[in-house]
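An overview of the molecular structure
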Amino acid sequence: MELAITTERAGDKGWIAFAAEVRATAQGTTEAEAKQNLRALLERYPDLLDDLRQAADRRVELIRL
């Protein structure tokens, strides 16, 4: 399953990784650690992905504004 995420530097507090589709957020000292923590969160609570698994038609696109 593919899931779009956003990473963002949180000043001197490290990095945040956010998966908007499943409303999940994790943080870490580095960007890589924040992503890994988000992955660990989703592996620990797989029910967060239930809505995505049940979606019949799903496309993720990036648009430039």
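Below, the structure is looked at part by part.

1. Overview of the sheet that holds strand 2 (residues 15–19)
If you trace the three strands from one edge of the open sheet to the other, you get 1-2-3, paired in antiparallel fashion. Only two strands of the sheet have a single neighbouring strand rather than two, namely strand 1 (6–9) and strand 3 (24–28). When the angles between neighbouring strand axes are averaged without regard to direction, this sheet yields 20°. By the bridge criterion, four bridges tie strand 1 to strand 2 in an arrangement that is antiparallel. Looking at the pairing, arginine 9 lines up with tryptophan 15 of strand 2. Across the face of the sheet, helix 1 (residues 31–44) comes into contact with strand 1, strand 2 and strand 3 while running at roughly 140° to strand 3.

2. Let's talk about the environment of alanine 34
If you trace the backbone, alanine 34 turns up in helix 1. For alanine 34, a relative accessible area of 0% translates into the label buried. Between the C-alpha atoms of alanine 34 and leucine 48, which are 14 residues apart in sequence, the distance is 18 Å. Once you skip the residues sitting within four places of it in the chain, alanine 34 turns out to touch Trp15, Ile16, Ala17, Ala26, Gln27 and Gly28.

The rules behind these values
- Residues numbered from 1 in each chain as written.
- Predicted model: local features only at pLDDT ≥ 70, side-chain atom pairs only at ≥ 80, totals over all residues.
- Heavy atoms only, no water.
- Pairing = 2+ DSSP bridges.
- Helix = DSSP H or I, 4+ residues; strand = E, 2+ residues; numbered from the N terminus.
- Axes fitted to C-alpha atoms, helices over the stretch in contact; angles between N-to-C directions.
- Contact = heavy atoms within 4.5 Å.
- Buried < 20%, exposed > 50% of the residue type's maximum accessible area, 1.4 Å probe, protein only.

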